[in-house]
2 protein chains.
Amino acid sequence: VRVHIVTIGDELLIGQVIDTNSAKMAQALGDIGAQVTGRTAVGDEHSRIVAALRHALSLAQIVLVTGGLGPTKDDITKKGIAELFGVELRFDQPTYDRLEKMLSLAKRPMTDALRSQCWMPANAMILTNEMGTAPGMWFEDQGRVLVSMPGVPFELDYLMRHEVLPRLQQRFPSLPIVHHTLLTAGEGESVLAEHLKEFEEALPPNVKLAYLPAIARVRLRLTVTDEDRNRAQRILDEKFQKMRSLLPEEVVAGAGDESLENAVGKLLEQRGLTLGTAESCTGGYLAHLITSVPGSSTYFRGSIVAYDNRIKSSQLGVQERTLAEQGAVSEATVKEMIEGAIARLGVDVSVAISGIAGPSGGTTEKPVGTIWIAVGDRKRVVTRLLRANKDRLRNIQYAAFHALNQVRLFIKQS
Amino acid sequence: VRVHIVTIGDELLIGQVIDTNSAKMAQALGDIGAQVTGRTAVGDEHSRIVAALRHALSLAQIVLVTGGLGPTKDDITKKGIAELFGVELRFDQPTYDRLEKMLSLAKRPMTDALRSQCWMPANAMILTNEMGTAPGMWFEDQGRVLVSMPGVPFELDYLMRHEVLPRLQQRFPSLPIVHHTLLTAGEGESVLAEHLKEFEEALPPNVKLAYLPAIARVRLRLTVTDEDRNRAQRILDEKFQKMRSLLPEEVVAGAGDESLENAVGKLLEQRGLTLGTAESCTGGYLAHLITSVPGSSTYFRGSIVAYDNRIKSSQLGVQERTLAEQGAVSEATVKEMIEGAIARLGVDVSVAISGIAGPSGGTTEKPVGTIWIAVGDRKRVVTRLLRANKDRLRNIQYAAFHALNQVRLFIKQS
């Protein structure tokens, strides 16, 4: 079935806010076999909202509307929808009762702005929003469905997962669709495509492979559509195994929604190993990635961010002679950083990064983007030289994700 | 003048790619007084592209089209535009010559895919793209302008700045528009709005104030439109000073495009002070924020990320008794972390954070989101208790930005 998304709000049009909701919604819809075939953004302008909603209903069976709900701008979307369907707004007592209860729990007063949220187009079915004060609304008209949700990302996310997707699946039963994702790290899209060229060309039309690239990582997403869900799952399992077997073992980092940070954490936990980082040019970003995983305190002890060379000596024990003769961005320095981090942080495995993130600090010999990485334990150290070629922030991310991947490879080879 | 943006490409519809281009374009257009009043996203579907372009031209005087150009998908947009205007595609020799020269410099071969990029709708005026192989195209029709550009962000950015914006300014001379932004930190939108209520209500219709909120920060953007540019600038200067004077001195952190990271860096540089961080729950994110500023090595020495309590003791000298009796998340602990960081990192000022980022680890007494912050030098230490109420990642960001703001306030009061 075709889905059209309408986003409401000046902030999305004039560039104050980047629309991340739509991509997330489209992915979730794809998972239930519904395809986003168009998207319209309108401002807080009544006549344009009505026109955009009408146009959207002419293009798709499902129209999802986000934004334009909430205490300060609650009217705009609801008035537009009421005009679209030719109905009045009516006061919804259950919504008011729920709101009053929420407010009394939070010890916040009821205001006119909040009370106005309880007025709904008369034909609305209310979708309870456990994450905020503005509920979602479901409308049916001539075999088509229009759903309106607040634009606050986690409220929208809640409503999509708990209210909208299950109802859409029931209302528009489509061909069963199943998918699975393989997380790869360390190789680019074109190298992976080379490995998978014949596999991809031989895929039947109901099996699709998508490449979703990110810094140092590519997700491979296989989707199977089939009348019979069991058969779809069998085909998916078979193709997924096949695809996996065609890739070099070392590039396969995980599956499903797993992140590289998560995959590394799981490996460390399985092996009962602790990790610490010694960072120069990444300035703590690698430690941040690792600690963004809930429960990372089980295996992550800490980091010494030695941005200044004096800290490399005093806190990591890098010899001043090494810094003077080889430079801070050198294989010798990252090797000594490893030793220092293991000793000072008392960890089993450590990872060290030193490089030139830019925009200044580069030389002919060591241009901006020159980055040394080392991973080691008490017995061995592996090093790698990267040449990044991006701006400061992306050089930092490039270095950190590659370092994370080196940790993964190091542990697997231990 | 009204602008409508049309984005072409399945990848933007199905959620593989988040549309960051549109926000950037809208901001740039706003700076020359052109207003984005609508946006449409279509997939790689010929009839929908033609319909969307026609609809866009009916809604706005300027239509900017992005995506659907480039070696692998070059035809789709150009065929759509040719049909829209009822013209043929013609081979553009100058574009071919330029392409050939580019390729020979890069030692890359000419391919059929690249050659196909030289076919253009007959009524196109070519906009040279110094950043890639697909040029932009400018069309005029019945007093309206349609511009097509590739969707690759830095190519689009180049074409917008060097070709499109100057031409649009010339073609649609609008009222001069000037703007300036004030960066505030530490107070929310509603508190600022309270201070500025009367000021805002008394603003003349040609002066607009926008609130752009982010974690722990709000940007206030004043825009003035006036026939006379000098007068516009005078009004802006006057209102900006007035606005600034109405806000408590401590919330004003910077102006223009300046970030809080930058503002803190500038302060440190001016005072000739060095900084180091001691982080627990933020896991290096604060150090990352600080080192995301180019040139931060002038004032930032490093960080000790003491995620594990053993590191708090061994690397920061926090007493085991303090940890046992007060807990890692306590005022006493962050105070000792300050002392340890100053001593170990040899810095003038240090900042320490210890808290419970979640989702687990909370207790009744210290729920998830309890965060202690301290900032200090050799003479004094200031502490603050935060109660964040978000998910793990946003608790981390909340803690780090508030800590950064505490550093700013500490230095200003020194």
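Residues numbered from 1 in each chain as written. Chains lettered and ligands numbered in written order. Predicted model: local features only at pLDDT ≥ 70, side-chain atom pairs only at ≥ 80, totals over all residues. Heavy atoms only, no water.

Asker: I would appreciate a short explanation of the pairing of strand E1 (residues 2–8) of chain A in the present structure.
Answerer: Residues and elements named next belong to chain A. Most of E1 is tucked away: 6 of the 7 residues are buried. Pairing between E1 and strand E2 (residues 35–42): 7 bridges, direction parallel. Directly across from isoleucine 5, in E2, lies its bridge partner arginine 39. By the bridge criterion, 5 bridges tie E1 to strand E3 (residues 62–66) in an arrangement that is parallel. By the bridge assignment, valine 3 is partnered in E3 with isoleucine 62. (Buried < 20%, exposed > 50% of the residue type's maximum accessible area, 1.4 Å probe, protein only. Helix = DSSP H or I, 4+ residues; strand = E, 2+ residues; numbered from the N terminus. Pairing = 2+ DSSP bridges.)

Asker: I would appreciate a short explanation of the interface of chain A and chain B in the present structure.
Answerer: The parts lose accessible area when they come together, and the size of an interface is often stated as this lost area. Listed by partner, the interface residues are 59 residues for chain A and 59 residues for chain B. Across the chain A to chain B interface the summed buried area is about 4800 Å²; carbon plus sulfur atoms make up 54%. There are 4 salt bridges connecting chain A and chain B. Between A:Arg2 and B:Glu45 there is a salt bridge, with the nearest N and O atoms lying 3.9 Å from each other. Remark: the boundary between chain A and chain B carries 22 residue pairs in polar contact (both at pLDDT 80 or more). Among the elements that line the side of chain A that touches chain B, the one with the most residues is strand E14 (residues 300–306) of chain A, at 7 residues. For the side of chain A that touches chain B, the residue count by class is 28 nonpolar, 21 polar and 10 charged. Strand direction decides the pairing type here: E2(A) and strand E2 (residues 35–42) of chain B, joined by 5 bridges, are antiparallel. (Contact = heavy atoms within 4.5 Å. Buried area = accessible area lost by both parts, 1.4 Å probe. Salt bridge = Lys/Arg side-chain N within 4 Å of Asp/Glu carboxyl O. Polar contact = N/O pair within 3.5 Å; in protein donor to acceptor, adjacent residues only side chain to side chain. Nonpolar A, V, L, I, M, F, W, Y, C, P; charged D, E, K, R; others polar.)

Asker: How should I be thinking about the relation of the copies chain A and chain B in this particular structure?
Answerer: Both copies of the chain are related through a single rotation about an axis accompanied by a shift along the same axis. Once chain A is rotated about the relating axis by 180° and shifted along it by 0.9 Å, it coincides with chain B to within an RMSD of 1.1 Å. One copy is carried onto the other by what is essentially a two-fold rotation axis. Mapped onto chain B, 98% of the interface residues of chain A again fall at the interface, so both copies present the same surface. (Least-squares fit on C-alpha atoms with pLDDT ≥ 70 in both.)

Asker: Can you walk me through the pairing of E3(A) in this structure?
Answerer: For a regular strand, side-chain orientation follows a simple rule: the groups alternate between the two sheet faces. Of all 5 residues in E3(A), 5 are buried; the element is thus mostly enclosed. Side chains A:Ile62, A:Leu64 and A:Thr66 of E3(A) all project onto a buried face; the interleaved residues A:Val63 and A:Val65 project onto the opposite face, where all are buried too.

Asker: Explain the sheet that holds strand E12 (residues 252–255) of chain A here, please?
Answerer: Sheet strands associate in pairs through backbone hydrogen bonding, adopting either a parallel or an antiparallel arrangement. All names here are of chain A. If you walk across this open sheet you meet the 4 strands as E10-E11-E9-E12, and the pairing is antiparallel. The open sheet has two free edges, formed respectively by strand E10 (207–214) and E12, since each of these has just one partner strand. If you compare each strand with its neighbour and ignore which way they point, the axes differ by 25° on average. In terms of strand pairing, E10 meets strand E11 (residues 217–225) through 8 bridges, oriented antiparallel. Counterpart to proline 213 in the pairing with E11 is valine 218. Along the sheet face, helix H15 (residues 392–412) touches strand E9 (177–185), E11 and E12 and points at about 95° away from the line of E12. (Axes fitted to C-alpha atoms, helices over the stretch in contact; angles between N-to-C directions.)

Asker: Explain the pattern of salt bridges to me, please; I cannot follow it from the model alone.
Answerer: Any two side chains of opposite charge can pair, on the condition that their charged atoms come close. One pass over the structure, following the stated rule, counts 40 salt bridges over all chains. Several salt bridges share partner residues, and in doing so they unite A:Lys24, A:Asp157 and A:Arg161 into one network.

Asker: It is not clear to me how the sheet that holds strand E11 (residues 217–225) of chain B should be interpreted in this structure. Could you clarify?
Answerer: Residue and element names in this part refer to chain B. Pairing is antiparallel across the open sheet formed by 4 strands, whose spatial order is E10-E11-E9-E12. Where the open sheet ends on each side, the last strands, each with one partner, are strand E10 (207–214) and strand E12 (252–255). Across this sheet, the average inter-strand angle for adjacent strands is 25°, counted without regard to direction. When strand E9 (residues 177–185) meets E12, the two strands line up antiparallel, connected through 3 bridges. If you follow threonine 184 over to E12, its bridge partner there is valine 252. Packed onto the sheet, helix H8 (residues 189–201) meets E9, E10 and E11 and runs at close to 175° relative to E10.

Asker: Would you explain helix H12 (residues 309–316) of chain B in this entry?
Answerer: Helical geometry: 3.6 residues make up each α-helical turn, so side chains three or four residues apart lie on a common side. Residue and element names in this part refer to chain B. Buried residues of H12: Ile311, Lys312, Ser313, Gln315 and Leu316, and no others. Two to three positions downstream of the cap, the backbone nitrogen of arginine 310 sits 2.8 Å from a side-chain oxygen, assigning the N-cap of H12 to aspartate 308. At the exit of H12 stands glycine 317, carrying a positive phi of roughly 70°.

Asker: Explain unusual backbone geometry here, please?
Answerer: What you tend to see is this: most non-glycine residues have negative phi, and most peptide bonds are trans. With an omega of 0°, the peptide bond running from A:Gly358 to A:Pro359 counts as cis. Residue A:Gln142 is not a glycine yet carries a positive backbone phi of 50°. Along the chain, A:Gln142 falls in the loop between strand E7 (136–141) and strand E8 (144–149). A relative accessible area of 72% means that A:Gln142 is categorised as exposed. The phi dihedral of B:Ala216 is positive, around 65°, even though this residue is not glycine. Mapping B:Ala216 onto the fold places it in the loop between E10 and E11. Judged by its relative accessible area of 13%, B:Ala216 falls in the buried class.

Asker: Honestly, a nonpolar patch on the surface in this entry has me stumped. Any pointers?
Answerer: On the surface, a cluster of nonpolar side chains totalling about 240 Å² of accessible area is made up of A:Met131, A:Val152 and A:Phe154. Its location among the elements puts A:Val152 in the loop between E8 and helix H7 (153–171). (Patch = residues over 30% accessible without salt bridge, like charges linked within 9 Å, V, L, I, M, F, W, Y side chains within 5 Å. Areas by Shrake-Rupley, 256 points an atom, 1.4 Å probe, with all protein chains shown as cover.)

Asker: Hey, could you run me through the confidence of the model for chain A in this one?
Answerer: Close inspection of predicted coordinates is inappropriate in any region flagged by low pLDDT. For chain A, the average pLDDT comes to 93, and 99% of its residues sit at 70 or higher. As a predicted assembly, this complex carries a pTM of 0.84 together with an ipTM value of 0.83. (pLDDT = per-residue confidence, 0-100.)

Asker: Sorry if this is basic, but what is going on with the packing of aromatic side chains here?
Answerer: Two measures describe an aromatic ring pair: the distance that separates the ring centres and the angle between the ring planes. All names here are of chain A. Considering all chains together, one arrives at 8 aromatic pairs over all chains under this definition. Between phenylalanine 91 and tryptophan 119, the ring centres sit 5.5 Å apart and the planes meet at 70°, which makes this aromatic pair edge-to-face. Note that phenylalanine 91 is positioned in strand E4 (residues 89–91) and tryptophan 119 in strand E5 (residues 119–121), a separation of 28 residues in sequence. In this structure, arginine 171 is placed above the aromatic ring of phenylalanine 172, and the distance from its NZ or CZ to the ring centre is 4.8 Å. Just above the ring of phenylalanine 401 sits the side chain of arginine 217; from NZ or CZ to the centre is 3.5 Å. (Phe/Tyr/Trp six-rings, centres within 6.5 Å; stacked < 30°, edge-to-face > 60°. Lys NZ or Arg CZ within 6 Å of the ring centre and 35° of its normal.)

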